[in-house]
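The chain contents come next:
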Amino acid sequence: MSTIAANFNIAVLSRLLIGGISLIIVSLLTRMLGPVEFGYYSLIFAYLYIFYTLADLGLYTVLVREISRPDAAEAKIVSNILSLRLVALAGWLAVGIGLSQLLPYPAPVKHGIIIAAGATVCMALVQVLTGIFQKHLRLFYTSLADVITRALQLGLIAWYLHEQPGLLTFVWIVLAVEIVHLLLTYWFARRLVGFGLAIDITYWRRTLKTALPIAISLVFVLL
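Since the model is a prediction, treat every value here as computed from it, not as a measurement.

**Regarding the pattern of salt bridges**
Charged atoms that come close allow side chains of opposite charge to pair.
Then step 1. As enumerated under the stated definition, the model contains 6 salt bridges in all.
Then step 2. Of the charged contacts in the structure, one is a salt bridge between Lys135 and Glu74, with a shortest N-O distance of 3.0 Å. Here Lys135 is found in helix H4 (residues 107–135), whereas its partner Glu74 is found in helix H3 (residues 74–100), with 61 residues between them in sequence.
Then step 3. According to the relative accessible area criterion, Lys135 is partly exposed, its value standing at 29%.
Then step 4. Accessibility expressed as a relative area gives 16% for Glu74, which makes it buried.
Then step 5. Connected through salt bridges with shared partners, the residues Arg65, Glu66 and Arg69 form a single ionic network.

As structure tokens, then:
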């Protein structure tokens, strides 16, 4: 079996596993939270997804393209794009959190948005790092991290099955598992590329210029 075929099969299997686990998670959450609080739970992450998309800037696509070039300086590219994504996230999420406190949301939703913003940062950084596995045809790493994360989330939710936890308990669970997800992804990615954080303003400007059309298209998709 070729490497591409093996990666495809692993990706399909992991998607099926994650889909099944996610279905169970949603079933448990709807039962444990009830219609009102589950609506609040959904609102928190739907609201943050707006700012997640605005901060995307098409950087994942740019990263995959740039590190796939012959003789690409992978460590420099990954370090700068990861740092740029982190700065963009910090800016947009600060706007989102500030705006949420002015909107007529219930207090649990406002508090949940602040907590879940950390999970959103982790999700966004994981997405960028996934480009490394795609380039090196090592999707089993990201698939393993995804499955472990969703299984951990299911286990933590099941822990409260016979209790009466509030909405914010489940938001904290998402934050905890996404931190684990980021740490696993970072550990696996470092086995392939020795990246870190870097600030190269000239490179950032060039990258943003390249990514701008992708970023605009993502905003239109969001709308």
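**Considering the nonpolar core**
Generally speaking, a soluble globular protein has its nonpolar side chains buried in company with each other.
Then step 1. If you look at the biggest cluster of nonpolar residues, it comprises 61 residues, and the most contacted ones within it are Tyr41, Ile44, Ile81, Ile157, Phe170 and Phe195.
Then step 2. Only helix H1 (3–54), helix H2 (59–67), H3, H4, helix H5 (139–159), helix H6 (167–190) and helix H7 (201–222) provide two or more residues apiece to this core.
Then step 3. Tallying contributions element by element places H4 first for this core, with 14 residues.
Then step 4. If sequence neighbours within four positions are ignored, Tyr41 has contacts with Leu29, Leu33, Gln153, Leu167, Phe170, Val171 and Val174.

**Thoughts on the packing of aromatic side chains**
Then step 1. Under the counting rule described, the total for this entry stands at 10 aromatic pairs.
Then step 2. When the centroid spacing of 5.8 Å and the interplanar angle of 15° are considered together, the rings of Tyr49 and Tyr52 count as stacked. In this pair, Tyr49 and Tyr52 are both assigned in helix H1, 3 residues apart and thus about one turn of the helix distant.
Then step 3. Looking at Tyr49, the relative accessible area reads 48%, which means it is partly exposed.
Then step 4. According to the relative accessible area criterion, Tyr52 is buried, its value standing at 14%.
Then step 5. Members of the aromatic cluster, connected to one another through ring pairs, are Phe133, Phe140, Tyr141, Trp187 and Phe188.
Then step 6. The ring of Trp187 carries Arg191 above its face, with NZ or CZ at 5.6 Å from the centroid.

Cut-offs used in this document
Residues numbered from 1 in each chain as written. Predicted model: local features only at pLDDT ≥ 70, side-chain atom pairs only at ≥ 80, totals over all residues. Heavy atoms only, no water. Salt bridge = Lys/Arg side-chain N within 4 Å of Asp/Glu carboxyl O. Helix = DSSP H or I, 4+ residues; strand = E, 2+ residues; numbered from the N terminus. Buried < 20%, exposed > 50% of the residue type's maximum accessible area, 1.4 Å probe, protein only. Core = buried A, V, L, I, M, F, W, Y, C linked by side-chain atoms within 4.5 Å. Contact = heavy atoms within 4.5 Å. Phe/Tyr/Trp six-rings, centres within 6.5 Å; stacked < 30°, edge-to-face > 60°. Lys NZ or Arg CZ within 6 Å of the ring centre and 35° of its normal.

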